[in-house]
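Chain residues, written in single-letter form:
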Amino acid sequence: MIDPKRIRENPDEIKKLLARRKCPVSVDEVLSVDEERRKLQAERDTLRHDLKQASDAIGKLKREGKDASEAMAKTKELSAKTKELDVKLSEIEARFEGLLWQLPNLPDPAATDEDTVLRSWGKKPEFDFEPKDHVALCEELGLVDFRYAAEYVGARFAAYTGDGALLQRALANFCLDLHTKEHGYKEVFPPVLARAESADAAGQLSKLDDMYALRDDPLYLIPTSETALINMHMGQELKEEELPLKYTAYTSCFRREAGTYGTQTKGLFRIHQFEKVELVQFAHPDRWRAAFDEILSNAERVLQLLQLPYRIKALSPAEAAFQASLTFDIDLWAAGAEDWLEVSSVSNCRDFQARRNKTRLRLKDGNLIYPYILNGSGTAFPRLIIAILENNQQPDGTVRIPDKLRPYMDGKDYIGK
RNA sequence: GGAGAGGUGGCCGAGUGGUCGAAGGCGACCGCUUGCUAAGCGGUUGUACGGGUAAAACCGUACCGUGGGUUCAAAUCCCACCCUCUCCGCCA
């Protein structure tokens, strides 16, 4: 949520910033509803003040043992009028809130309107044979059973089998070990279901159609563990001294992604359930950049240790998620697909989510503000698996396991040998 | 899922219709004080929205799990729901 005061005080600035991204409501509408709301509140407050005084007077009369029936009859009318205004006010307040919640986060001033590749790392592998894509490799090495998954649950799901399942588990342990032991994150294993309000706080209810809902309970399968982690302190007051708070979680993520058929849907590329290690930091607003850079480098470290070539791309505000102010994507090079695959998205959401879930920050000077919440994948597995398989494939159809992953893969050097 | 108990400020905890934004305690902050490892004394200390201000001060309203209701008046009475704890059931 954007600070409503900021909208009121700098409407032109807000309009200009929001023009850079998809925004379903107009700032002018927000402003006019706000004005109406303030007017109504002033009226209601005055009326209620009078009512309170009248009631107090009645109390006094009664305590003194005097007759208050006349005063009570008179006050009844005042009470009715106040209630009428109460109803009107809460209606307009709800409308105001509703509009506010539909406004996407303001883009960072530094964000460019075109996606921009900032830098890259590693060398694309070269082959003296025709490299296969991951679907072929998975089938030949028995790593994923797409047929079974399709029959069992439906299209665009994966069932990892044998060394494929082991690889998945190895990556989870590898990433979690790295982030907890070397990068200082606290590991969380959260529920993968969330209430609507929790998802809404994260900003994900704006993509309601993308979430799986349960039939009998008002719960949703989380599209990312960001949903779970950014709500770790909902309703709480954090102390400046305890920042930054750093959390990591390995969970399955669920996305319906209706309407994305046709583009890059082969194999593991875009599936309805995927696994991901997420990184979230709660940071002091003044130190968000350090937290942002840290999350980015934490994610990069995974790829460096696994020797996977990648590039960092600054996302345009139009591309960024509803809740994000600044986003850098990390794209992995996949040699079989001969394409870049997004494996991580690092975002600064500023105080957007903290305002929504009422996470606040008590500063040393006593002031109460909202902390900034940042997140990033560290990283998403199906695509990591695609890149590992395609980039490390050998002429004989086996796949070399990156050195750092071997301890997690029963010490094996190759998949398929 | 069933039965019972409970949800009050940063924390603990009192409060069954008006004098309650809420006793008392703890913690925190400020001041004073004291020769013995830190204690004593005094004071301050919630949030949101609106008004007001250069900014404060200040003023108003709301908030005692959430949402409704009764009443001139609700932390207090009524209804529904949510959550926590205990016991039972079910279950990995």
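None of the values given here were measured: they were computed from a predicted structure.

J.: What is the right way to look at helix α2 (residues 11–18) in this model?
T.: Residues spaced three or four apart along an α-helix face the same direction, because each turn holds 3.6 residues. Three or more residues of α2 are buried, namely I14, L17 and L18. For α2, the angular spread of the buried residues around the axis is 90°, confining them to a single face. Seen from the buried face of α2, the exposed residues on the opposite side, beyond 90 degrees, are D12 and K16.

J.: Is there a simple way to explain the pattern of salt bridges in this structure?
T.: Where charged atoms from two side chains of opposite charge come close, those side chains can pair. For the coordinates displayed, the defined rule picks out 28 salt bridges. Put simply, D3 and R355 hold a salt bridge, and the shortest N to O gap is 3.4 Å. One end of the pair, D3, is in the segment before α1 (4–9); the other, R355, is in helix α11 (residues 352–357), and 352 residues separate them in sequence. Take R355: its relative accessible area is 12%, and that puts it in the buried class.

J.: When you look at the sheet that holds strand β6 (residues 245–254) in this model, what are you seeing that I'm missing?
T.: Sheets are built from strands paired through backbone hydrogen bonds, the pairs being either parallel or antiparallel. The eight strands are arranged β1-β8-β9-β10-β13-β7-β6-β2 in an open sheet whose pairing can be described as mixed. Each edge of the sheet is formed by a strand with only one pairing partner; in this case those strands are β1 (116–121) and β2 (186–188). Recorded for the sheet is a direction-independent mean angle of 25° between the axes of neighbouring strands. Of the pairings in the sheet, the one linking β1 to strand β8 (residues 310–314) comprises five bridges and is antiparallel in character. What sits directly across from W121, in β8, is Y310. Across the sheet, helix α10 (residues 288–305) lies against β1, β6, β7 (273–283), β8, β9 (326–334), β10 (339–348) and β13 (372–380), angled at about 5° from β13, the strand it touches most. Contacting β6, β7, β9, β10 and β13, helix α12 (residues 381–391) runs over the sheet at an angle of about 30° to β9.

So, how was this worked out
Residues numbered from 1 in each chain as written. Chains lettered and ligands numbered in written order. Predicted model: local features only at pLDDT ≥ 70, side-chain atom pairs only at ≥ 80, totals over all residues. Heavy atoms only, no water. Buried < 20%, exposed > 50% of the residue type's maximum accessible area, 1.4 Å probe, protein only. Helix = DSSP H or I, 4+ residues; strand = E, 2+ residues; numbered from the N terminus. Arc of directions from axis to C-beta. Salt bridge = Lys/Arg side-chain N within 4 Å of Asp/Glu carboxyl O. Pairing = 2+ DSSP bridges. Axes fitted to C-alpha atoms, helices over the stretch in contact; angles between N-to-C directions. Contact = heavy atoms within 4.5 Å.

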